[in-house]
Amino acid sequence: MTRPQHFGWFLARGFGPHGWGHPYLDWNWDWTRPELYQQSVRELERAGFEFVLIEDAPSLGSPDTIDLRIRHAFGGPKLDPLLLAPYLFQATQRLGVIPTVNPAAYLPYTAARQFATLQHLSGDRLGLNVVTDTGSARHFGDAAPLGHDAAYDRAEEWLAGLRELWNSWGEGALVRDAATGVYADGARLDAVRHRGEYFAFDGPLNAVPFTRGEPVIASPGGSGRGLAFAGANSDIQLALAPLTEQSVRAYRAKIHAAAVERGRAPSDVTVMFAISPVIVSSPEEADRLVAASARPDDDALRLIAQRQSSDLETDLTALELDAPLPAGLFADHVSQGSLRRLIGDRDAATAPLRAHLTALARLGRISDRSGFVGTAEEFADLIEELGDWGNEGVLLWGDLHPVTIHRTLDELVPVLRRRGILRDELSDGGLRANLHSF
């Protein structure tokens, strides 16, 4: 049975050089100016998308690998997405904006005050994508990065601290009685004295209470500790998993179990699977693209190696295509998820680099569920199938560029709406209201 689902747009490149390496660079948008992003989010709001989520990494990586990340602009430069958010709010009326934030970069009191300010100014449309990247430790005064689980422990304490501060204005503290001249009652404020493992601060917060709830919290992560964090704290969980019924149901079950374990309801967390579709006008065009991708030439493989080198902070371009990956090639801090995407189910000790890169180059058809190339009708079939498995939402993945937006959505939006999958308009109650509207 057809059911509506939530849709968001994942700006996977972050606030960086959009258009670089693509023909649409010649549209002459300046990626450092807000107009490019404002034009794009207007289109997303008109399409009925509920939010845009902006990836970020505050660091260019380790000193030894910086060139790998900036040479082709895959990993940097990037500007701060939190400071882009006000421009996107100004250009829209109901769309949510979820910049990525790292607890290592924000002291809790400052963060709580800044985020409260944006929540008020935006009409309750702010979200926060909380990540635990530890590779940027040296930029924020840490002698060494925290371990994987410890970084989540710090993030959990940080977020709990923000909530302590946001709730430091007790019920009735905001009086605003013009007749008596009393604006607020100081006796109803909580002083807040936080002394934790990672942070120490006092309150109360120099801000006013939220009218329709705190900012929406999003998080990625598929590890046991990451799923536990999401179950305890997140309103949106960003999911990367094979889109098979077994995988989708198993992933959702893990998130729901983690939520219940922390005293929350499964419905408190909206699970959204990230997909990067290639929408084409006909099945024949889809077949042609898929067939061509099965035989990538060496130039195509080297381009993929450049991108992977940035993500993995390891120079794959210097390796022999027909030799296995050397033992000990990747540093301990390299994302395990990125390594799994590179190696897949192949034997890392024997499979040549060419096999890994060729697998990344290979596209698949939506129609047979081998990939994400297909027509708008075929993609809508996939979304309906996900809904049959209990899925609540989809996060489409791509640049925040008008060309990318229209290429993906021009034919897709009418099909999704005719089927009752995509909403016609957004609520004016803020991001949280849209998430809970069905």
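On a predicted model such as this, the values are computed, not experimentally measured, just so you know.

Peer 1: Please clarify how the overall build of the protein chain should be interpreted in this entry.
Peer 2: Within the protein chain, the secondary structure is distributed over 15 helices and 14 strands. What you see for the protein chain is a C-alpha radius of gyration of 23 Å, in line with the 22 Å of a compact globule of 438 residues. When its C-alpha atoms are laid out on the principal axes, the protein chain stretches across 75 × 55 × 45 Å. Put simply, of all contacts in the protein chain between residues at least 6 apart along the chain, 74% involve residues at least 24 apart.

Peer 1: Just checking my understanding: could you explain the nonpolar core for this structure?
Peer 2: Note on soluble globular proteins: their nonpolar side chains tend to be buried together. Counting residues in each nonpolar core, the largest one holds 78 residues, and the members touching the most others are F115, W158 and L409. Broken down by element, this core gets its largest block of residues, seven residues, from helix α5 (residues 148–166). In contact with L409, not counting residues within four places along its chain, are W9, L44, A47, F49, L396 and P414. Listed in part, the 15 residues of the second largest apolar core include L325, F330, L353 and L357.

Peer 1: How should empty space enclosed by the protein be read in this particular structure?
Peer 2: Vacant regions in the atomic arrangement are exposed by a probe of water-molecule size rolled over the atoms. Overall, the coordinates contain one cavity of 30 Å³ or more when judged by the stated rule. Put simply, the largest cavity is a space of about 30 Å³. Lining the largest cavity are A104, D133, T134, S136, A137, D142, P145, L146 and R154. Of the residues belonging to the lining of the largest cavity, the class tally is four nonpolar, two polar and three charged.

Peer 1: Which parts of the structure should I look at to understand helix α7 (residues 245–261)?
Peer 2: Think of an α-helix as turning once every 3.6 residues; residues three or four places apart then point the same way. Given a rise of 1.5 Å per residue, 17 residues ought to cover 24 Å, and the 24 Å separating the end C-alpha atoms of α7 matches this to within 8%. Of all the residues in α7, the buried ones are S247, V248, Y251, R252, I255, H256, A258 and A259. Relative to the axis of α7, the buried residues are bounded by an arc of 160° and lie together on one face. Opposite the buried face of α7, at more than 90 degrees from it, the exposed residues are Q246, K254 and E261. Directly after α7, the chain includes G263, whose backbone phi takes a positive value near 80°.

Peer 1: What am I meant to see in the packing of aromatic side chains here?
Peer 2: To describe a pair of aromatic rings, one takes the distance between the centres and the angle between the planes. Using the criterion set out here, one finds 10 aromatic pairs in the structure. Taken together, a centroid distance of 5.5 Å and an interplanar angle of 70° make the contact between W166 and F210 edge-to-face. Within this pair, whereas W166 is found in helix α5, its partner F210 is found in the loop between β8 (200–202) and β9 (216–219), the two being separated by 44 residues in sequence. Judged on exposure class, the residue W166 and its partner F210 are both buried. Members of the aromatic cluster, joined through ring pairs, are F7, W9 and F49.

Peer 1: Please clarify how the pairing of strand β5 (residues 174–177) should be interpreted in this entry.
Peer 2: A regular strand carries its side chains on alternate faces of the sheet. Bridge count for β5 against strand β6 (residues 182–184) is two bridges, and the pairing is antiparallel. The residue bridging L174 from the neighbouring strand is A184, located in β6.

Peer 1: In this structure, what is going on with the packing of α5 against helix α6 (residues 224–233)? I would like to understand it.
Peer 2: Geometrically, a packed helix pair is captured by the angle between its two axes and the distance between the axes. Running from N to C, α5 and α6 point in directions that differ by 10°, and their axes come no closer than 10 Å. The pairing of α5 with α6 is recorded here as roughly parallel in orientation. Taken together, the residues of α6 that come into contact with α5 (itself represented by H148, D149, Y152, D153, A155, E156, L159 and R163) are R225, G226, F229, A232 and N233. Across the contact of α5 with α6, the residue classes break down as five nonpolar, three polar and five charged.

Procedures and definitions
Residues numbered from 1 in each chain as written. Predicted model: local features only at pLDDT ≥ 70, side-chain atom pairs only at ≥ 80, totals over all residues. Heavy atoms only, no water. Helix = DSSP H or I, 4+ residues; strand = E, 2+ residues; numbered from the N terminus. Rg over C-alpha atoms; globule rule 2.2 N^0.38 Å. Contact = heavy atoms within 4.5 Å. Core = buried A, V, L, I, M, F, W, Y, C linked by side-chain atoms within 4.5 Å. Buried < 20%, exposed > 50% of the residue type's maximum accessible area, 1.4 Å probe, protein only. 1 Å grid on protein atoms, 1.4 Å probe; cavity = no way out; pocket = protein on both sides within 12 Å on 5 of 7 lines; lining within 4 Å. Points joined across faces, edges and corners; volume = space filled by probe spheres on them. Nonpolar A, V, L, I, M, F, W, Y, C, P; charged D, E, K, R; others polar. Expected span 1.5 Å × (residues − 1). Arc of directions from axis to C-beta. Phe/Tyr/Trp six-rings, centres within 6.5 Å; stacked < 30°, edge-to-face > 60°. Pairing = 2+ DSSP bridges. Axes fitted to C-alpha atoms, helices over the stretch in contact; angles between N-to-C directions. Parallel < 35°, antiparallel > 145°, perpendicular 65-115°, else oblique.

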